[in-house]
Amino acid sequence: MPRSLRMLVPDRACAYHIISRTALDGLPFDPRDKDELVRLIKWLSRVYFVDVLGYCIMGNHFHILVVVHPDLSATDAEIRRRFVVRYGPKRVFPESEMARLKSKWCNLSEYVKEVKQSFSRAFNERRDRRGTLWGDRFKSVIVENGGALLNCLAYIDLNPVRAGIVKRPEDYRWCSLGYHAQTGNREHFLSDDFGLVEFGVTSSEERLIRYREYVYHAGAVEKEGAAKIERGILEMEEKGGFRMGQVRRLGYRAKCFSDSGVIGSQNFVAGMLHYFKERIPNKRKRVPLEVSGLEGIYTLKRLSCA
């Protein structure tokens with residue numbers, strides 16, 4: 001049976017909801033796998049002309065909500081800059097490949113293909129296995145900006161709540177609300193659109209508040225066979241105006257004291273990075289990461305899972 005045509009809009013910026021499932025039984029993705037998949041999505045979003053609005057990595061599948069920009073937005077200078085991000089500063093840019101790279105790095109299918117193939121290699125290498133990791137080809141749905149995008153993003157962030165894994169979406173570090181809460185959207189990885197720009201909400205802080213309000217009300221709705229946000233939690237959020245208070249923000253940041261490999265000043269972490277350099281694969285550059293919300297504090301992930 002022939003595969004259905006994938007609907008892509010190449011001549012203007014367009015949002016897509018991407019879903020892909022593993023072919024393996026059970027829940028094969030452990031925390032290290034989920035960290036690696038987030039890292040790849042984050043890194044490749046700096047190479048491809050995409051804006052990541054949200055994501056969620058579950059035990060056997062993932063969701064990404066992404067805006068893909070047309071190749072008209074890809075200038076020669078920007079292609080050269082992104083080539084360095086992708087291949088490093090030592091590789092000579094192939095001028096004859098300019099047109100091909102513009103087309104490739106503005107293509108949804110190429111973006112998802114590279115995410116999945118890169119993850120498959122890392123997954124198989126860790127387990128000394130070979131063979132297929134992913135099931136059928138990924139699904140993609142074109143999403144209209146505004147209300148449809150807001151609903152889709154909330155659906156993605158509520159995955160771990162509906163699965164009964166956490167009580168609040170922010171407690172799950174492998175979803176976009178978890179990333180906003182636990183890192184302060186470090187390096188501005190995620191777009192802060194939330195589908196609310198269309199409604200005239202100009203402040204990014206206000207958009208996050210409005211988005212959390214929508215997510216908590218949507219998550220409190222009963223769904224057959226799925227968990228929901230408890231009424232008491234919703235009432236607590238309502239009393240707080242759906243703002244992420246400083247105490248809770250610091251509570252999320254405090255996880256770095258148990259999850260990190262090294263924590264301290266930038267100079268201290270950089271020194272430890274140099275000390276352990278023989279154990280760090282050359283293929284991946286590591287730098288001290290500032291802990292959002294804790295001034296002057298930096299971390300380095302454990303070498304086995306960084």
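This is a predicted model, so every value here is computed, not measured.

A.B. asks: How do you make sense of the overall build of the protein when you look at a structure like this?
C.D. replies: Each helix and strand counted, the protein has twelve helices and seven strands in total. Each of the 306 residues in the protein was classed as buried or not, and the buried ones make up 45%. Within the protein, counting contacts between residues at least 6 apart in sequence, those at least 24 apart form 69% of the total. A total of about 16600 Å² of accessible surface is found on the protein, and carbon and sulfur atoms cover 52% of it.

A.B. asks: Which parts of the structure should I look at to understand the pairing of strand E3 (residues 61–68)?
C.D. replies: On any regular strand, side chains alternate: one points to one face of the sheet, the next to the other face. In terms of burial, E3 is a largely internal element, eight of the eight residues being buried. Here E3 shows a buried face lined by His 61, His 63, Leu 65 and Val 67 and a second buried face lined by Phe 62, Ile 64, Val 66 and Val 68. Note: strand E1 (residues 14–21) against E3, eight bridges, orientation antiparallel. By the bridge assignment for E3, Arg 21 is matched with His 61. Pairing of strand E2 (residues 50–57) with E3 involves seven bridges; the strand directions are antiparallel. Bridged to Asp 51 within E3 is Val 67. Here E2 folds back onto E3, and the loop between the two strands holds three residues.

A.B. asks: Explain the packing of helix H1 (residues 31–47) against helix H4 (residues 108–127) here, please?
C.D. replies: Their axes nearest at 10 Å, the elements H1 and H4 cross at an angle of 145°. Considering only the axes of H1 and H4, their crossing is right-handed. Where H1 abuts H4, its residues Arg 32, Asp 33, Glu 36, Leu 37, Leu 40, Ile 41, Leu 44 and Ser 45 lie against Tyr 111, Glu 114, Val 115, Ser 118, Phe 119, Ala 122, Phe 123, Arg 126 and Arg 127. Split by residue class, the contact of H1 with H4 holds nine nonpolar, two polar and six charged.

A.B. asks: I tried to follow the sheet that holds E1 on my own but got confused; where do I start?
C.D. replies: Consider a sheet: its strands pair through backbone hydrogen bonds, and that pairing is either parallel or antiparallel. Sheet architecture is open: four strands sit in the order E2-E3-E1-E4, paired in antiparallel fashion. Every interior strand has two partners, whereas the edge strands, E2 and strand E4 (139–143), have only one. When strand polarity is set aside, the average angle formed by the axes of neighbouring strands in this sheet is 20°. Helix H5 (residues 147–157) rests against E1, E2, E3 and E4 of the sheet, and its axis sits at about 155° to E3.

A.B. asks: Which parts of the structure should I look at to understand the side chain of Ser 118?
C.D. replies: Within the fold, Ser 118 resides in helix H4. Side-chain polar atoms of Ser 118 contact the side chain of Arg 121, separated by 3.4 Å.

A.B. asks: Help me out: how do you make sense of helix H9 (residues 231–239) in this one?
C.D. replies: Structurally, the α-helix is built with 3.6 residues per turn, so residues lying three or four positions apart point the same way. Among the residues making up H9, those that are buried are Ile 233, Leu 234 and Glu 237. What you see down the axis of H9 is that its buried residues fit within an arc of 100°, all on one side. Residues of H9 that are exposed and point more than 90 degrees away from the buried face comprise Arg 231, Met 236 and Lys 239. Where H9 ends, the next residue or the one after it, Gly 241, has phi of about 65°, a positive value.

A.B. asks: Just checking my understanding: could you explain unusual backbone geometry for this structure?
C.D. replies: Generally, phi is negative for residues other than glycine and the peptide bonds are trans, each holding for most cases. In this structure, Asn 185 takes a positive phi of about 55° despite not being glycine. Within the secondary structure, Asn 185 sits in the loop between helix H7 (176–183) and helix H8 (204–219). For His 188, which is not glycine, the phi dihedral falls at a positive 50°. With respect to the secondary-structure elements, His 188 resides in the loop between H7 and H8.

A.B. asks: Sorry if this is basic, but what is going on with the side chain of Asp 193 here?
C.D. replies: For Asp 193, the position within the fold is in the loop between H7 and H8. No salt bridge forms around the buried Asp 193; measuring N to O, its nearest opposite-charge neighbour Arg 207 is 5.8 Å away. Beyond its immediate sequence surroundings of up to four residues, Asp 193 is in contact with Leu 53, Asn 145 and Arg 207.

A.B. asks: Would you mind showing me how to read the pattern of salt bridges here?
C.D. replies: Pairing between side chains becomes possible if they bear opposite charge and their charged atoms approach one another. This structure, assessed with the given rule, holds 23 salt bridges. The closest approach of N and O atoms between Arg 127 and Asp 30, which form a salt bridge, is 3.5 Å. Note that Arg 127 is positioned in helix H4 and Asp 30 in the loop between E1 and H1, a separation of 97 residues in sequence. Through salt bridges that share partners, Asp 30, Asp 33, Arg 126 and Arg 127 make up one connected network.

A.B. asks: What's the story with the packing of H1 against helix H2 (residues 76–87) in this structure? I'm lost.
C.D. replies: Relative placement of two packed helices is described by the angle separating their axes and the distance separating the axes. Viewed as axis vectors pointing N to C, H1 and H2 meet at an angle of 155°, and their least axial separation amounts to 8 Å. Compared by their axis directions, H1 and H2 come out roughly antiparallel. Note on element contacts: H2 touches H1 through Arg 81, Arg 82, Val 85 and Arg 86, opposite Trp 43, Leu 44, Ser 45, Arg 46 and Val 47. Along the lines of polarity and charge, the residues of the contact of H1 with H2 split into four nonpolar, one polar and four charged.

Conventions used here
Residues numbered from 1 in each chain as written. Predicted model: local features only at pLDDT ≥ 70, side-chain atom pairs only at ≥ 80, totals over all residues. Heavy atoms only, no water. Helix = DSSP H or I, 4+ residues; strand = E, 2+ residues; numbered from the N terminus. Buried < 20%, exposed > 50% of the residue type's maximum accessible area, 1.4 Å probe, protein only. Contact = heavy atoms within 4.5 Å. Areas by Shrake-Rupley, 256 points an atom, 1.4 Å probe, with all protein chains shown as cover. Pairing = 2+ DSSP bridges. Axes fitted to C-alpha atoms, helices over the stretch in contact; angles between N-to-C directions. Left-handed = near helix turned anticlockwise from the far one by under 90°. Nonpolar A, V, L, I, M, F, W, Y, C, P; charged D, E, K, R; others polar. Polar contact = N/O pair within 3.5 Å; in protein donor to acceptor, adjacent residues only side chain to side chain. Arc of directions from axis to C-beta. Lys, Arg positive; Asp, Glu negative; His and termini not counted. Salt bridge = Lys/Arg side-chain N within 4 Å of Asp/Glu carboxyl O. Parallel < 35°, antiparallel > 145°, perpendicular 65-115°, else oblique.

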